[in-house]
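Spelled out from the first residue to the last, the chains are:
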Amino acid sequence: MSLILRTATRYLMPLLLLFSVFLLFRGHNKPGGGFIAGLVAAAAFSLFAIANDVRAARALVRVEPQTLLGAGLLLALMSGLLASFGGGDFLTGVWGDVHLPLVGELALGTPLFFDIGVYFVVIGVALMDVFTLAEETVAEETELLNADKKERRR
Amino acid sequence: MNTLLILPLITPLMVAAVSFLVWRRKAWQKWLSVGGACMSFVWACALFESVRDGEILTMQAGGWAAPFGISLVADTFAAVMVLLTATMGLAVTIYAVRSIDERRAAFGFYPILQILLMGVTGAFLTGDLFNLYVWFEVMLMSSFVLLALGGERAQIEGGIKYVTINLLSSAIFLAAIGFLYSVTGTLNMADLALKIGALPASLTAPLSVLFLVAFGVKAGLFPLFFWLPASYHTPPAVVSAVFAGLLTKVGVYALIRTFTLIFAFTDVDVDNLLLTLAGLTMVTGGLGALAQTDARRVLSFLIIAHIGVAVMGLGLNSTRALAGTIFYLIEDVIVLTNLFLIVGIMGRVCGTFELARMGGMYRTHPMLGALFLVPAWSLSGVPPFSGFFAKLALVQAGLEVEAYTVVALSLVVGILTLVAMMRLWAEAFWKPSPYVVDAAQDKMQTGKMLLVPVCALSLMSIGLGIGAEAVFGVALTAAGQIDNANGYIEAVLGVRR
Amino acid sequence: MIVMLAFVIGGLYAAGLYMMLRRSITKLIIGLSLLSHASNLLIFTTGGLVRARPPIIADGATEIIKPFADPVPQALVLTAIVISFGVTAFALVLLHRTYLTIGTDDLDDLSKTDLAQPERNG
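It should be emphasised that the depicted structure is a prediction, and the values quoted were computed from it without experimental measurement. (Residues numbered from 1 in each chain as written. Chains lettered and ligands numbered in written order. Predicted model: local features only at pLDDT ≥ 70, side-chain atom pairs only at ≥ 80, totals over all residues.)

Of the regular secondary structure elements, chain C holds 3 helices and 0 strands. The linear arrangement of helices and strands in chain C, starting from the amino end, is α-α-α. Relative to a compact globule of 122 residues, whose C-alpha radius of gyration would be 14 Å, chain C shows 21 Å and is clearly more extended. Partitioning the intrachain contacts of chain C with sequence separation of at least 6 by distance along the chain shows that 56% fall at a separation of at least 24. (Helix = DSSP H or I, 4+ residues; strand = E, 2+ residues; numbered from the N terminus. Rg over C-alpha atoms; globule rule 2.2 N^0.38 Å. Contact = placed C-beta atoms within 7 Å.)

Structure (structure tokens):
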């Protein structure tokens, strides 16, 4: 929990998160995509957890990793199923043009939502692992510490 | 109709996803899983109904045409296995509701069980080798978690062995896939069947052995089975039941698919090798079962013994033998799941799985004793039960090709199974209890809910025996499709061979 | 290049197996990840090594100019990497649990489930 790491994290984290969103949207036609974007975002949160502590990181994520995982899975599934409802094969891309004010015409398709789903699943799984491992280690250390104290008291 | 193919796959995933959303509400997860298992069962029935007459359903994921995209294929064999998976899934989910403790439920037992079922279903339905690898990994990862969940000492010991050996087999499988792709340029199983014939045997023989080793580990074939009895008895009975019923059978299924669809079109002949391995597997499993003193370990070795019998059908390599294998797999899945569930109840009543410390259950639980005999006799192949008809078909097929040794071994293994089962029954039920037990208290521990899936599965094995002719008819249809792969290839690729 | 990679793959397999045969569980997990790296590299290599020729049809052309890099092995490797990421994460959690429960990193202390132990359940 060094001061340098904490200070650096304060600047690195927003950059990493922005970069992960950039990777996510870039992924359709160029290198990038939901998986690595999710890993980058999870790395950002893990960095925060290392620099501060797990509880602070959990508070920062706000929702539980399991919720992210479930929501991401559902989103990916639904975007895949959309084609099935229309009589096509599962996971077939369905595209539609959406007119957004200020932005203009936007081609929106189910692959994008699938990717966003993957993004959340990856964040959820990675954070679940990191948080669980980190918390177990913390619990173990406090246990050792307490045992140590007891020993000394004797 | 294509949607029917993905529904049994999507339903468990959907249930798992919603369960993750309601992570803290264990009761919701529980009933969601039961509901999802019921739904999967309905879809699997519908899928089976639509292919039972020999039709083959295919779906190309993402609409990408066959050799390029990932194909899902349901022929009769696959649909039968999917139906079995869904049935066992339903049975173990109901059993789990009353037998899984809160701690395991808090760590996500129910969603992970659903993901395991999805992995098994996916492995049965896929028509692509790499996709098969992915399903294997889905299945293995969730099974690792189920195996280690709870964190008891024995579970962790078993878990490490299971993880190591299965990852090794996955690495071999992956390497085999890499080689196969580099020499054929495709991984679609139907397309492989068309292209592999052009390769020399010097290439296909080592490839086939790589696949044999990779799937042999998963199935628990003779020199590669040792991880199974070291790990299957450590988790709660429900988990052992679903592992025993389904996971090894996926290995056998993969063996049947690769060796009848892909390597059947090469000069490689592994039939004798398979028969030898099958014979050794049977003997080791049967003798191993007799040597054990823990009820669950007896069953673990019996799984191995009966994997040997199933693989024997593949080695005999005729339509009748394959039909026998399919019938045998159906019976084996139901019976072994059932046996592990019953032994789970017995362990709850006696407080131990050690045969020496069990006993006296004939007085306190006579019904359970009767229920135990149904799958026990069925597994041993006693005449009115389903196991007899399955083995009859295999023996006939074996005699047709004059493979007397392996046929004799398969009969011996039936006797060994019978001895092992009767020993289990005598120790647990017939022998007076080594302790003074309070019968009334014991009745409390059983729980009526646990008996529901057990009774249902027992009725099913009796039904399989009575309706053996109809079941064998379905098995023959499935075996016919496997034996003559042209239908499969045409259904996937849309071209004739 | 392929010959060199073949040696690298062989080396990785050998190192992985060697690590797996050690008694430490940590080394076992390192060995398992080396094995999966070896398999990934193997798929990548057997797909054929082509430099700087993406499998994209140029503007205006109707056919791709050979030789081009086969995208399938790369996709397979990517999937396999994702899977081995998950498996390794699980194996690490398992290792940690093992250490917490049994208090050792020595595989020899884990040999008991294979043996019948009448005294354990009592």
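Now that the structure is up, let's keep going.
Let us now look at the overall build of chain B. When its secondary structure is counted, chain B shows 22 helices and 2 strands. Taken along the three principal axes of its C-alpha coordinates, chain B extends 70 × 55 × 40 Å. With 497 residues in all, chain B has 67% of them scored as buried. When contacts within chain B are restricted to residue pairs at least 6 apart in sequence, those whose partners lie at least 24 apart make up 80%. (Buried ≥ 20, exposed ≤ 12 C-beta atoms within 10 Å, placed from the backbone.)

All names here are of chain B. Here helix 9 (residues 201-219) spans 25 Å end to end across 19 residues, near enough to the 27 Å set by a 1.5 Å rise per residue. What helix 9 keeps buried is the set Thr 204, Leu 207, Ser 208, Phe 211, Leu 212, Ala 214, Phe 215, Gly 216, Val 217, Lys 218 and Ala 219. The inward-facing, buried residues of helix 9 contact helix 7 (153-184), helix 11 (237-262) and helix 13 (295-316). (Expected span 1.5 Å × (residues − 1).)

In this section: the interface of chain B and chain C. Residue-level contacts link 35 residues of chain B with 33 residues of chain C. For the side of chain B that touches chain C, the elements supplying multiple residues, two or more each, are helix 6 (129-148) and helix 7 of chain B. In terms of residues, the side of chain B that touches chain C owes the most to one element, helix 7 of chain B, which gives 18 residues. Taken together, the residues of the side of chain B that touches chain C sort by class into 20 nonpolar, 10 polar and 5 charged. (Nonpolar A, V, L, I, M, F, W, Y, C, P; charged D, E, K, R; others polar.)

It is worth spelling out the domain arrangement of chain B at this point. Residues and elements named next belong to chain B. As assigned here, chain B comprises domain 1 (1-264 + 484-497) and domain 2 (270-466). Its C-alpha centre places domain 1 at a distance of 23 Å from the equivalent point of domain 2. The class makeup of the residues in the side of domain 1 that touches domain 2 is 27 nonpolar, 7 polar and 2 charged. (Domains from an automatic or database assignment.)

All right, on to the packing of helix 13 of chain B against helix 17 (residues 386-400) of chain B then. Residues and elements named next belong to chain B. Put simply, helix 13 and helix 17 touch, their axes get as near as 10 Å, and they point 35° apart. Crossing of helix 13 over helix 17 shows left-handed handedness. Packed against helix 13, whose contacting residues are Val 309, Met 312, Gly 313 and Leu 316, the element helix 17 presents Leu 394, Ala 397 and Gly 398 at the interface. (Axes fitted to C-alpha atoms, helices over the stretch in contact; angles between N-to-C directions. Left-handed = near helix turned anticlockwise from the far one by under 90°.)

What follows is about the pairing of strand 2 (residues 71-74) of chain B. Two faces, one strand: in a regular strand the side chains alternate between the faces of the sheet. Residue and element names in this part refer to chain B. Of the two faces of strand 2, the one lined by Ser 71 and Val 73 and the one lined by Leu 72 and Ala 74 are each fully buried. As judged from the 4 bridges shared by strand 1 (residues 57-60) and strand 2, these two strands associate in the antiparallel manner. Bridge pairing in strand 2 links Leu 57 to Ala 74. (Pairing = 2+ DSSP bridges.)

Residue and element names in this part refer to chain B. Where helix 13 meets helix 14 (residues 319-350), the closest approach of the two axes is 9 Å, and the angle between their N-to-C directions is 175°. Between helix 13 and helix 14, the crossing angle belongs to the class labelled roughly antiparallel. In terms of residue class, the contact of helix 13 with helix 14 is made up of 16 nonpolar, 5 polar and 2 charged. (Parallel < 35°, antiparallel > 145°, perpendicular 65-115°, else oblique.)

Our focus in this paragraph is the confidence of the model for chain C. Residues and elements named next belong to chain C. Averaged over every residue, the pLDDT of chain C is 82; residues scoring 70 or more account for 90%. For chain C, per-element mean pLDDT is lowest for helix 3 (residues 71-102), which scores 84, and highest for helix 1 (residues 2-20), which scores 92. Segment residues 118-122: pLDDT under 50, and 6 contacts once partners within four positions in sequence are set aside and those in other chains are kept. Our summary of model confidence lists the complex with pTM equal to 0.91 and ipTM equal to 0.89. (pLDDT = per-residue confidence, 0-100.)

A word on unusual backbone geometry. Residues and elements named next belong to chain B. Even without a glycine there, the phi angle at Asn 317 is positive, about 55°. Looking at the secondary structure, you find Asn 317 in the loop between helix 13 and helix 14. Using a count of 19 C-beta atoms within 10 Å as the deciding quantity, one classes Asn 317 as partly exposed. Of note in this structure, Glu 402 is not a glycine but carries a positive phi near 60°. Note that Glu 402 resides in the loop between helix 17 and helix 18 (404-430).

Time to look at the nonpolar core. Residue and element names in this part refer to chain B. Ranked by size, the top nonpolar core spans 277 residues in total, and within it Val 80, Val 311, Ile 326 and Phe 327 carry the most contacts. Looking at this core, the element that brings in the most residues is helix 14, giving 21 residues. Ignoring any residue separated from it by four or fewer positions in sequence, one finds Phe 327 in contact with Phe 389, Ala 390, Ala 393, Val 471, Phe 472 and Ala 475. (Core = buried A, V, L, I, M, F, W, Y, C linked by C-beta atoms within 7 Å.)

The next subject is the interface of chain A and chain B. Opposite the 16 residues of chain A that make contact, chain B presents 16 residues. Looking at the side of chain A that touches chain B residue by residue, the class counts come to 8 nonpolar, 6 polar and 2 charged.

The next thing to look at is helix 2 (residues 34-51) of chain A. Its 18 residues give helix 2 of chain A an end-to-end C-alpha distance of 25 Å, which sits within 8% of 26 Å, the value for a rise of 1.5 Å per residue. Burial in helix 2 of chain A covers these residues: Gly34(A), Phe35(A), Ala37(A), Gly38(A), Val40(A), Ala41(A), Ala42(A), Ala44(A), Phe45(A), Phe48(A), Ala49(A) and Ala51(A).

On to the environment of Ala76(A), then. Residue and element names in this part refer to chain A. Along the polypeptide, Ala 76 turns up in helix 4 (residues 65-85). Through-space distance from the C-alpha of Ala 76 to that of Gly 87 is 18 Å; in sequence the pair is 11 residues apart. Beyond its immediate chain neighbours, meaning those up to four positions away, Ala 76 contacts Phe 114, Gly 117, Val 118 and Val 121.

Turning our eyes to something else, we now look at the pairing of strand 2 (residues 104-109) of chain A. Residues and elements named next belong to chain A. Taking burial as the measure, the 6 residues of strand 2 include 0 buried ones, a minor fraction of the element. Bridge count between strand 1 (residues 95-100) and strand 2: 6 bridges; the pairing is antiparallel. In the strand pairing of strand 2, Val 98 is matched with Leu 106.

What follows covers the environment of Gly315(B). Its location among the elements puts Gly315(B) in helix 13. As for Gly315(B) and Asp269(B), which are separated by 46 residues in sequence, their C-alpha atoms are 9.8 Å apart.

Right, let's talk about the environment of Gly216(B) for a bit. If you trace the backbone, Gly216(B) turns up in helix 9. Note: C-alpha distance between Gly216(B) and Ala254(B) (38 residues apart in sequence) is 9.4 Å.

This part covers the confidence of the model for chain B. Averaged over all residues, the pLDDT of chain B equals 86, while 97% of them reach at least 70. By mean pLDDT, the top-scoring element of chain B is helix 5 (residues 109-125) of chain B (93), and the lowest-scoring one is helix 19 (residues 439-446) of chain B (50).

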